[in-house]
Amino acid sequence: MNPIEIIRKKRSGEKLNREEIETLINGYLNGRVADYQMSAFLMSVYFQKMDFEETAILTEVMLRSGVVVDLSKVPGIKVDKHSTGGVGDKVSLILAPMVAACGVPVPMISGRGLGHTGGTLDKLESIPGFRTNLSLKEYEEVIRKTGLVLIGQTNEIAPADKRMYALRDVTATVESIPLIAGSIMSKKLAEGIDALVLDVKVGRGAFMQNEADAVELAKALIGVGTQFGKKVIGFITGMDQPLGFAVGNWLETVECLDCLKGKDIPDLMEVTYILSGAMVMLGGKAKSIEEGIEKCKETIQNGKAWNKFKELVAIQGGDVSYLEDVSKYPKSKHIVEIKSEMDGYIKNIDALEVGFVSIMLGAGRMKVDDEIDLKAGIIFNKKVGDKISVGENLAVVYTDKSDDLRTSIERLKKSIFISAEQIIPNKIIHSLVDEQGVHPWYGCG
Ligand code: URA
């Protein structure tokens, strides 16, 4: 079959077989399928979807387009976490050292921020000297020595995803469940993991805007992972307001350092503990998620998570002195406090709009090759439900950009809604999804 027939078949809503999916993906990599044909195929999948069998084949073909790392010589059950992305989502920086300090090896291949969402790699690279571009040989060496490693997607890992993602990004085909599942799982399965915990975000600042889509995505990811013999569970978590207080790479890293040293930022730590507790359980070091959470909490109290993070930063070339003394870091040209113009309670902080404002401030990128300012961002002083008075600090903006400053501040002010009535914030962890289905989450114990 030629690519045109395969595109037409998908366009009419028919199911594709392995040979057809291989023809398209492999043909795209070897130049027999053009960019415009792949774009048409992606748009057909966007509208006509794929069933579970097609999604699993797509994932496998994308996975086999590159190297699958073999970490079988690293002792222990290797567990990673993947978040579908959000604003202020800095969980990996706290969770990875906690889980590694519990004795569960954590190999992580992460992404960069794109569009309104942030990315783990940019946050790590805000630490002077930190290298995320390790070779796969170095990746194996680091996890063997420290029990954790955090790098970016190399050219050898799922190259089909790298090229297809770049095309999806500019053809409005990112928000498709089979394409997201194929993209995420092809990279995760290539890392050398045994198990995976998913954080599927739902809400204004997430790819998935409603609960039903988030659950469908979680089920697709879990189904594919399980088919490849991995233990996978997921949590559906809220992403209506930014997670924690900080948005922007270095600002978020500093917030993580505070948490690693024992600060409790309730929404951020609730998500971090549930995901890390589940990882420790899947890694065989706890019998339940609750026990996993207790073990993770101990690593904060006894300083082991903090020491593990410093060990990681040092081995990946980062300058640990910036972690010990964050005041050494260069300062933004403009540091502007935004004050409340009314009394009341914070009703909402629109995560999507905050993500776009952070791009205007220089903290994010719209195109993959845009330069970012690692110092730029926002620190909120309030969360949804908090009381606020006229003249009180709502947020502080950090940027070197003079041109867009006034517009950014106006947009940020409009993204924070204040109500005269008291607000009860929505719960952040909605449900647990596993092979058996969806289980509402009422908390531990
Ligand atoms: N993250 C990915 O890696 N791929 C997607 O398609 C969406 C989010």
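These figures come from a predicted structure and were not determined experimentally.

Student: Quick one: what's the story with helix α17 (residues 405-415), residue by residue and with numbers?
Tutor: All buried positions along α17 are accounted for by L405, S408, I409, L412 and S415. Seen end-on, α17 carries its buried residues on one side only, within an arc spanning 120°. The outward face of α17, more than 90 degrees from its buried face, is lined by the exposed residues R406 and K414. Buried positions along α17 lie against β7 (334-339), β8 (344-349), α16 (351-361), β9 (377-380), β11 (393-399) and β12 (416-419).

Student: Pulling in residues and values, what's your account of the pattern of salt bridges?
Tutor: If you walk through the whole model with that rule in mind, you get 31 salt bridges. Across the salt bridge formed by D122 and R365, the nearest N and O atoms sit 3.0 Å from each other. Here D122, found in helix α6 (residues 120-125), pairs with R365, found in the loop between α16 and β9; they are 243 residues apart in sequence, far enough to count as distant. D122 sits in the buried class, given a relative accessible area of 3%. Note on R365: relative accessible area 7%, which makes it buried. Residues E252 and K123 are paired through a salt bridge, measuring 2.8 Å at the closest nitrogen-oxygen approach. With a gap of 129 residues between them, E252 in helix α11 (residues 249-260) and K123 in helix α6 connect regions that are remote in the sequence. Counted as one network, the salt bridges with shared partners bring together R112, D122, E125 and R365.

Student: Residue-level account of the packing of helix α5 (residues 91-101) against helix α14 (residues 304-315), with values.
Tutor: For the pair α5 and α14, the least separation of the axes is 8 Å and the interaxial angle reads 105°. By the criterion of interaxial angle, the relationship of α5 to α14 is roughly perpendicular. Facing L93, P97, M98, A100 and A101 of α5, the residues of α14 in contact are K304, A305, K308 and F309. Partitioning the contact of α5 with α14 into residue classes produces 7 nonpolar, no polar and 2 charged.

Student: Could you give an account of the sheet that holds strand β1 (residues 79-83), with specific residues and numbers?
Tutor: An order of β1-β4-β5-β13-β14 is seen for the 5 strands of this open sheet, with the pairing classed as mixed. Every interior strand has two partners, whereas the edge strands, β1 and β14 (437-440), have only one. When strand polarity is set aside, the average angle formed by the axes of neighbouring strands in this sheet is 20°. In this sheet, strand β13 (residues 429-434) lies alongside strand β5 (residues 231-238) in antiparallel orientation, the contact comprising 4 bridges.

Student: Explain the site of the ligand to me, and be specific about the residues and the numbers.
Tutor: Taken together, Y165, R168, I180, S183, I184, K187 and F207 make up the full set of residues near the ligand. Within the side chain of S183, one N or O atom sits 2.6 Å away from a nitrogen atom of the ligand. Residue K187 places a side-chain N or O atom 2.5 Å away from an oxygen atom belonging to the ligand. Burial of the ligand by the protein chains amounts to 89% of its free accessible area of 240 Å². For the shell around the ligand, the secondary structure elements donating two or more residues are α8 (159-170) and α9 (177-190).

Student: Lay out the state of the cysteines in plain terms, naming residues and giving numbers.
Tutor: What makes a disulfide is a covalent bond joining the sulfur atoms belonging to two cysteines. Scanning the model with the defined rule gives 0 disulfides in all. Between C256, a free cysteine, and C259, which holds the nearest cysteine sulfur, the sulfur-to-sulfur gap is 6.4 Å. Not engaged in a disulfide, the cysteine C296 finds its nearest cysteine sulfur in C102; these two sulfurs lie 4.1 Å apart. On the basis of relative accessibility, which here comes to 0%, the residue C296 falls in the buried class.

Student: Describe the side chain of T171, and please don't skip the residues or the numbers.
Tutor: Examined against the element boundaries, T171 turns out to sit in the loop between α8 and α9. Engagement of the side chain of T171 in a polar contact is seen with the backbone oxygen of L167, the distance being 2.7 Å. For T171, the contacting residues outside a window of four places in its chain are S39 and M43.

Student: Which residues make up the domain arrangement of the protein, and what are the values?
Tutor: Entries for the protein in the domain assignment read domain 1 (3-48), domain 2 (79-324 + 428-440) and domain 3 (331-419). Using C-alpha coordinates to define each centre, domain 2 is positioned 25 Å away from domain 3. At the junction of the two partners, domain 2 supplies 26 residues and domain 3 supplies 28 residues. Counting across the interface, domain 2 meets domain 3 through 3 salt bridges. Note that K383 and D267 form a salt bridge whose closest N and O atoms lie 2.7 Å from each other. Mapped by element, the contributors of at least two residues to the side of domain 2 that touches domain 3 are α6, β6 (246-247) and α11.

Student: Explain the nonpolar core to me, and be specific about the residues and the numbers.
Tutor: Within the largest apolar cluster, 82 residues are counted, with the highest numbers of intra-cluster contacts made by F235, F309, F380 and L412. If one sorts the elements of this core by residue count, helix α12 (residues 266-282) sits on top with 10 residues. When we break this core down by domain, the ones giving at least three residues each are domain 2 (79-324 + 428-440) and domain 3 (331-419). Setting aside residues no more than four positions away along its own chain, F309 makes contact with L93, P97, L124, I127, L257, L260 and L323. Membership of the second largest hydrophobic core comes to 38 residues, among which are Y139, I157, I177 and V232.

Student: Go over α14, please, and point to the residues and values.
Tutor: Between its terminal C-alpha atoms α14 stretches 16 Å, which fits the 16 Å expected from 12 residues at 1.5 Å a residue. Positive backbone phi, approximately 90°, marks G317, located one or two places after α14.

Student: Tell me about the sheet that holds β8, residues and numbers included.
Tutor: Reading across the sheet, the 3 strands line up as β10-β8-β12 and stay open at both edges, with antiparallel pairing between neighbours. The sheet is open, and its two borders are formed by β10 (387-388) and β12, each paired with just one other strand. Relative to β10, β8 is paired through 2 bridges, and the arrangement is antiparallel. The residue bridging Y345 from the neighbouring strand is K387, located in β10. Those strands touched by α17 are β8 and β12, and its axis lies near 40° from that of β12.

Rules and cut-offs
The written sequence of each chain sets the order in which its residues are numbered from 1. Given that the model is predicted, a residue must reach a pLDDT of at least 70 before its local features are reported, and side-chain atom pairs must reach 80 or more before they are shown or counted; all residues, however, enter totals for whole chains, interfaces and linings. Hydrogens and water are ignored here; the side-chain numbers use all heavy atoms of the structure. Only protein chains enter the calculation, and the probe is 1.4 Å; a residue is then buried if its accessible area is under 20% of its type maximum, exposed if over 50%, and partly exposed in between. By definition, any uninterrupted DSSP run of H or I lasting at least four residues is a helix, any uninterrupted run of E lasting at least two residues is a strand, and each is numbered from the N terminus. Taken from the helix axis, the directions to the C-beta atoms give the arc we talk about. The criterion used for residue contact is that any of the two residues' heavy atoms lie within 4.5 Å. Salt bridges, as used here, are contacts in which a Lys or Arg side-chain nitrogen is within 4 Å of a carboxyl oxygen on Asp or Glu. The convention used is that axes are lines fitted to C-alpha atoms, helices contributing only their stretch in contact, and that angles between N-to-C directions extend from 0 to 180 degrees. Here the word oblique covers every angle except those under 35 degrees (roughly parallel), over 145 (roughly antiparallel) and from 65 to 115 (roughly perpendicular). Three categories are distinguished: nonpolar for Ala, Val, Leu, Ile, Met, Phe, Trp, Tyr, Cys and Pro, charged for Asp, Glu, Lys and Arg, and polar for the others, with Gly belonging to the last. A strand pair is defined by DSSP finding two or more bridges across the two strands. When at least one non-hydrogen atom of a residue lies within 4 Å of a molecule or strand, that residue is treated as near it. Polar contacts here mean pairs of N or O atoms no more than 3.5 Å apart (in protein, one a potential hydrogen donor and the other a potential acceptor; neighbouring residues in sequence count only if both atoms are side-chain atoms). Surface accessibility in these figures is a Shrake-Rupley result with a 1.4 Å probe; residues are shielded only by whichever protein chains are displayed. When two cysteine sulfur atoms lie within 2.5 Å, the pair is treated as a disulfide. The split of the chain into domains comes from an automatic or database domain assignment. Take the buried Ala, Val, Leu, Ile, Met, Phe, Trp, Tyr and Cys residues and link them wherever side-chain atoms come within 4.5 Å; each set so joined is a nonpolar core. Multiplying one less than the number of residues by 1.5 Å gives the expected span of a helix.

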